Amino acid sequence: ICRKHLQEIPSSSSNVSTSFTWDWDSSKTSEFLSGMGVSVLKKDKLGNENTPQDLLVSSPCPPQKRQKVKEKERDFVIVRRPRLLREAESGVSWDTLPDELLLAIFAYLPLNDLLKVSLICKRWHRLSFDESLWQTLDLTGRNLLPGVIGQLLPAGVTVFRCPRSCIGNPLFKTSKPLRVQHMDLSNCTVSVADLQSILCLCERLQNLSLEGLVLSDDIIKSIAKNLSLMRLNLCGCSGFSAEALELMLSSCSMLEELNLSWCDFTATHVKAAVNHVTSKVTQLNLSGYRQNLQIPDIKTLVERCPFLVHLDLSDSVMLKPECFQYFHQLIFLQHLCLSRCYQISPAALVELGKIPTLKTLQVFGIVTDSSLQLLKETLPDMKINCSHFTSIARPTVGSKKNHEIWGIKCRLTLRNPSG
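Thresholds, definitions, all that
- Residues numbered from 1 in each chain as written.
- Predicted model: local features only at pLDDT ≥ 70, side-chain atom pairs only at ≥ 80, totals over all residues.
- Heavy atoms only, no water.
- Helix = DSSP H or I, 4+ residues; strand = E, 2+ residues; numbered from the N terminus.
- Buried < 20%, exposed > 50% of the residue type's maximum accessible area, 1.4 Å probe, protein only.
- Areas by Shrake-Rupley, 256 points an atom, 1.4 Å probe, with all protein chains shown as cover.
- Salt bridge = Lys/Arg side-chain N within 4 Å of Asp/Glu carboxyl O.
- Axes fitted to C-alpha atoms, helices over the stretch in contact; angles between N-to-C directions.
- Parallel < 35°, antiparallel > 145°, perpendicular 65-115°, else oblique.
- Left-handed = near helix turned anticlockwise from the far one by under 90°.
- Contact = heavy atoms within 4.5 Å.
- Nonpolar A, V, L, I, M, F, W, Y, C, P; charged D, E, K, R; others polar.
- Phe/Tyr/Trp six-rings, centres within 6.5 Å; stacked < 30°, edge-to-face > 60°.
- Arc of directions from axis to C-beta.
- Pairing = 2+ DSSP bridges.
- Polar contact = N/O pair within 3.5 Å; in protein donor to acceptor, adjacent residues only side chain to side chain.
- Patch = residues over 30% accessible without salt bridge, like charges linked within 9 Å, V, L, I, M, F, W, Y side chains within 5 Å.

1. What to know about the overall build of the chain
Phase 1 of the analysis: Broken down by element type, the chain carries 13 helices and 18 strands.
Phase 2 of the analysis: Burial analysis of the chain (419 residues in total) assigns 47% to the buried set.
Phase 3 of the analysis: When the accessible surface of the chain is totalled, it reaches about 21,100 Å², and 52% of it is carbon and sulfur.

See the structure below:
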């Protein structure tokens with residue numbers, strides 16, 4: 001059978017061949033796996049090119065038996081090969097399987113086991129880190145020691161789910177762009193410098209969530225290089241200037257969902273957002289800007305973004321019923337959030353019923369229970385106060401057991417030791 005080298009096996013997600021290599025060092029690999037909470041296999045021949053013989057034979061062979069022959073042939077003996085070894089040699093050895101077949105077997109292994117088999121021999125180590133096996137990776141809530149991210153992401157990861165993790169210095173050994181297209185680092189513990197070292201290698205992002213993180217102008221400029229970005233969640237972020245925000249929004253012209261709620265914004269940031277957000281955006285969250293979001297900003301926003309379907313302007317205390325005229329201009333508007341916009345009275349909300357496309361209205365904090373019931377009776381075709389939280393650009397919505405990000409399920413997930 002003619003085997004292909006690992007580098008010759010095409011990736012299902014890209015036409016570009018990989019040149020990723022993981023330097024073989026069993027001691028360092030064992031330390032790396034231990035740092036991820038994965039117990040390692042204890043084998044004596046980790047440096048072998050192929051599968052150690054003790055893995056091919058399930059039990060030790062009995063002593064070889066010697067059969068005597070005639071006395072005239074005293075110096076001649078017959079060595080009988082052990083039955084178990086003969087059966088193993090007569091069957092198919094792991095070493096005879098082509099790379100493609102081993103890869104197909106490895107594709108069924110969970111992350112913990114895939115990392116373990118990488119310690120069997122050099123060949124299995126090479127195959128276990130083939131890019132075809134590392135398309136989707138979930139390391140949610142893990143303590144990732146320095147070097148872990150730098151070793152895993154270049155292995156061909158395109159979907160990376162890693163919220164609420166503690167991320168050490170990635171220590172990338174390559175400066176080549178990563179293949180990551182969908183990445184969730186929400187609420188991670190990570191330094192600005194380490195986050196920048198990850199994002200500066202990302203140029204193919206389509207979906208990105210950095211919710212709750214401290215950023216920098218350099219990080220925002222790195223995001224701006226992802227011209228195919230469609231969903232961006234920067235809810236609760238801080239540390240970057242209005243100028244960097246303007247640059248990013250001007251560059252990312254393909255954005256469809258954008259969450260800029262509750263960022264550390266000044267009035268200048270808000271104006272940069274409404275003046276430079278792409279006209280293609282259909283879902284936008286600009287909640288939490290109190291006095292910094294003014295009625296003239298709403299006018300600018302509506303004129304710039306006519307295709308808005310979902311708009312969240314909650315906690316903008318400067319908004320008044322005068323801004324309703326602009327909402328009427330949004331002919332595709334289905335979902336509107338005006339919670340805690342205290343200058344809007346419950347009686348004025350009835351006017352929003354004249355928007356024919358509007359399906360849901362969130363007005364928490366500005367209507368009492370009695371007035372809410374009256375409002376529902378007045379607007380029977382509209383769902384009012386049906387959701388406390390927005391889903392705009394967020395990677396995971398609903399149950400905490402949902403392991404998908406933007407509808408994509410991650411195959412490689414690190415199981416808890418007990419599970």
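2. Observations concerning the pattern of salt bridges
Phase 1 of the analysis: With the rule as written, the count across this model stands at 9 salt bridges.
Phase 2 of the analysis: Salt-bridge contacts for Asp 99 lead to Arg 126; the nearest nitrogen and oxygen are separated by 3.4 Å. Of this pair, Asp 99 sits in helix α3 (residues 99–106) while Arg 126 is found in helix α5 (residues 122–128), placing the two residues 27 residues apart along the sequence.
Phase 3 of the analysis: Accessibility expressed as a relative area gives 3% for Asp 99, which makes it buried.
Phase 4 of the analysis: Via salt bridges that share partners, Asp 99, Arg 123 and Arg 126 belong to a single interconnected network.

3. A word on the packing of helix α9 (residues 242–251) against helix α10 (residues 267–276)
Phase 1 of the analysis: The N-to-C vectors of α9 and α10 enclose an angle of 10°; their axes lie 9 Å apart at closest approach. With respect to α10, the axis of α9 lies roughly parallel. When you trace α9 past α10, the crossing you get is right-handed. Every residue of α10 that contacts α9 at Ala 242, Leu 245, Glu 246, Leu 249 and Ser 250 is listed here: Thr 268, His 269, Ala 272, Ala 273 and His 276.
Phase 2 of the analysis: Here the contact of α9 with α10 is built from residues that sort into 5 nonpolar, 4 polar and 1 charged.

4. Considerations on the packing of aromatic side chains
Phase 1 of the analysis: For the structure on display, the rule yields 7 aromatic pairs.
Phase 2 of the analysis: Centre to centre, the rings of Phe 106 and Trp 124 are 5.5 Å apart; their planes meet at 75°, and the pair counts as edge-to-face. Taken together, the residues Phe 106 in helix α3 and Trp 124 in helix α5 connect sequence positions 18 residues apart.
Phase 3 of the analysis: Judged by its relative accessible area of 3%, Phe 106 falls in the buried class.
Phase 4 of the analysis: Where Phe 129 meets Trp 134, the ring centres are 5.3 Å apart and the plane angle is 10°; that geometry is what we call stacked. Each member of the pair Phe 129 and Trp 134 is classed as buried.
Phase 5 of the analysis: One aromatic cluster is present, built from ring pairs that chain together Trp 94, Phe 106 and Trp 124.

5. As for helix α11 (residues 295–304)
Helical periodicity: at 3.6 residues per turn, an α-helix aligns residues three or four positions apart in one direction.
Phase 1 of the analysis: Residues of α11 that are buried include every one of Ile 295, Asp 297, Ile 298, Leu 301 and Val 302, and no others. Taken around the axis of α11, the buried residues stretch over an arc of 150°, which confines them to a single face. Opposite the buried face of α11, at more than 90 degrees from it, the exposed residues are Pro 296 and Glu 303.
Phase 2 of the analysis: In this structure, the buried residues of α11 make contact with α10, β11 (283–285), β12 (310–312) and α12 (324–327).

6. Considerations on α3
Phase 1 of the analysis: Burial in α3 covers these residues: Asp 99, Leu 102, Leu 103 and Phe 106. Looking straight down α3, one finds its buried side chains confined to an arc of 100°; they lie on one side.
Phase 2 of the analysis: The inward-facing, buried residues of α3 contact α4 (111–117) and α5.

7. Observations concerning the sheet that holds β11
Phase 1 of the analysis: The 12 strands are arranged β15-β14-β13-β12-β11-β10-β9-β8-β7-β5-β3-β18 in an open sheet whose pairing can be described as parallel. Whereas interior strands pair on both sides, the edge strands pair on one side only; in this sheet they are β15 (383–384) and β18 (412–413).
Phase 2 of the analysis: When strand β13 (residues 335–337) meets strand β14 (residues 360–362), the two strands line up parallel, connected through 3 bridges. Looking at β14, one finds that Leu 336 is bridged to Leu 361.

8. Comments concerning the side chain of Gln 362
Phase 1 of the analysis: Tracing the backbone through its elements, the reader meets Gln 362 in strand β14.
Phase 2 of the analysis: A relative accessible area of 6% means that Gln 362 is categorised as buried.

9. Things to note about the environment of Ser 222
Phase 1 of the analysis: Along the chain, the position of Ser 222 falls in helix α8 (residues 217–224).
Phase 2 of the analysis: Not counting residues up to four positions away in its chain, the partners in contact with Ser 222 are Gln 196, Leu 199, Cys 200 and Cys 202.
Phase 3 of the analysis: Here Gln 196 takes part through its side chain, which lies 3.1 Å from a polar atom of the side chain of Ser 222.

10. Focus: a nonpolar patch on the surface
Phase 1 of the analysis: The grouping of Trp 94, Leu 101 and Ile 105 at the surface amounts to a nonpolar patch, some 230 Å² of accessible area in total.
Phase 2 of the analysis: Checked against the element boundaries, Leu 101 lands in helix α3.
Phase 3 of the analysis: Leu 101 sits in the partly exposed class, given a relative accessible area of 40%.

11. Some details on the environment of Phe 389
Phase 1 of the analysis: Relative to the elements of secondary structure, Phe 389 occurs in the loop between β15 and β16 (404–405).
Phase 2 of the analysis: Taking relative accessible area as the criterion, Phe 389 reaches 71% and is therefore assigned exposed.
Phase 3 of the analysis: Sequence-wise, Phe 389 and Cys 337 are 52 residues apart; in three dimensions their C-alpha atoms are separated by 9.9 Å.

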